[in-house]
Amino acid sequence: MATVACVMAALAHVCLVFLHVAPSNAVSQQYEPQINAWIYPYFEQNWQLFAPNPESVSRQIWARSATSAPDGSRQIGEWQDLTAIDDAAVQHTPFPSHTAQNMLRRAWAAYAQTHAASDQPATERAQMLQQYLANVAARRLAGGARPTFDAVQLRVADTPIAPPGSTTPHAEVSGGTPSNARYLPWWQVESHDR
């Protein structure tokens, strides 16, 4: 009985993954919510392993935290360069963690893909990715000097990477306020996120 249940579960999984990666058809369109509920976030499929998409920009992500007082006032912390924190964690490490290298970058890429038009989540998946990015930022900030806070805000700036062989150096973004930065709204974080 257990073997039959395992075979049926494996067969259902293969069918759902197939419907997810196959070209759009009547069956996959009709059952899209059920397929997406099974696939995301654990079984997501993409072709990055076989055809990686190299970055064309140097991206800096900063975050700051805020604490609300009982009188309604808000104490806002300084901007912290999360990209620099991640870079420092893997620099001079013979076997750097892929999680440390990619978690923030992938969280931003997924958020930006689902929130291209607006910073308001339009779907349940967009809301999940927004919460994931907020959690990643909150965990990074919690390791800093201000471990108690109830909201986070992110600032993201992209600097184009010069093509190979180009003599034009690309400008590095400093810790100041970049002119091309995208400011995200304040997001509340719960105590378990810190």
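A few points on the structure. Since the model is a prediction, treat every value here as computed from it, not as a measurement.

Rules behind the numbers
- Residues numbered from 1 in each chain as written.
- Predicted model: local features only at pLDDT ≥ 70, side-chain atom pairs only at ≥ 80, totals over all residues.
- Heavy atoms only, no water.
- Phe/Tyr/Trp six-rings, centres within 6.5 Å; stacked < 30°, edge-to-face > 60°.
- Helix = DSSP H or I, 4+ residues; strand = E, 2+ residues; numbered from the N terminus.
- Buried < 20%, exposed > 50% of the residue type's maximum accessible area, 1.4 Å probe, protein only.
- Lys NZ or Arg CZ within 6 Å of the ring centre and 35° of its normal.
- Pairing = 2+ DSSP bridges.
- Salt bridge = Lys/Arg side-chain N within 4 Å of Asp/Glu carboxyl O.
- Axes fitted to C-alpha atoms, helices over the stretch in contact; angles between N-to-C directions.
- Parallel < 35°, antiparallel > 145°, perpendicular 65-115°, else oblique.
- Left-handed = near helix turned anticlockwise from the far one by under 90°.
- Contact = heavy atoms within 4.5 Å.

1. Thoughts on the packing of aromatic side chains
Here is step 1: Under the defined criterion, the tally for this structure stands at three aromatic pairs.
Here is step 2: A centroid spacing of 5.9 Å and a plane angle of 65 degrees characterise the contact between tryptophan 79 and tyrosine 183, whose relative ring orientation is edge-to-face. Of the two residues, tryptophan 79 is situated in the loop between strand E2 (74-76) and strand E3 (80-81) and tyrosine 183 in strand E5 (residues 182-183); the sequence distance between them amounts to 104 residues.
Here is step 3: Classification of tryptophan 79 by relative accessible area gives partly exposed; the value is 24%.
Here is step 4: On the numbers, 5.5 Å between centres and 35 degrees between planes, the contact of tryptophan 108 with tyrosine 111 is tilted. Of this pair, tryptophan 108 and tyrosine 111 both sit in helix H5 (residues 98-114), three residues apart, roughly one helical turn. An identical accessibility class is assigned to tryptophan 108 and tyrosine 111; each is buried.
Here is step 5: We note arginine 155 situated over the ring of tryptophan 62; from NZ or CZ to the ring centre the distance is 4.3 Å.
Here is step 6: Positioned over the ring face of tryptophan 79 is arginine 155, at 4.5 Å from the centre of the ring.

2. Some thoughts on the pairing of strand E4 (residues 151-160)
Here is step 1: Counting buried positions over the 10 residues of E4 gives eight, a clear majority of the element.
Here is step 2: Examined bridge by bridge, strand E1 (residues 57-68) and E4 share 10 bridges and lie antiparallel to one another. Bridging across to E4, valine 57 finds its partner in proline 160.
Here is step 3: Pairing geometry for E4 and strand E6 (residues 187-188), over two bridges, is antiparallel. When the sheet's bridge partners are listed, valine 152 is paired in E6 with tryptophan 187.
Here is step 4: Relative to E5, E4 runs antiparallel, the two sharing two bridges. Residue valine 156 lies in a different strand from E5, and its bridge partner there is arginine 182.

3. A word on the pattern of salt bridges
Note that side chains of opposite charge can pair when their charged atoms are close.
Here is step 1: Taken as a whole and judged by the stated rule, the model has two salt bridges.
Here is step 2: The partner of arginine 59 in a salt bridge is aspartate 158, with the nearest N and O atoms 2.9 Å apart. Within this pair, whereas arginine 59 is found in strand E1, its partner aspartate 158 is found in strand E4, the two being separated by 99 residues in sequence.
Here is step 3: For aspartate 86, the salt bridge is made with arginine 140, and the minimal N-O distance between the two is 2.7 Å. In this pair, aspartate 86 is assigned in helix H4 (residues 82-90) and arginine 140 in helix H6 (residues 124-142), connecting sequence segments 54 residues apart.

4. Quick look at the packing of H4 against H5
Here is step 1: With their axes 9 Å apart at the nearest point, H4 and H5 run at an angle of 165 degrees to one another. The angle between H4 and H5 falls in the class roughly antiparallel. Both H4 and H5 take part in a crossing whose hand is left-handed. The residues of H5 that touch H4, namely those facing Leu82, Thr83, Asp86 and Val90, are Ala100, Gln101 and Leu104.

Any functional reading would require information beyond the geometric quantities listed.
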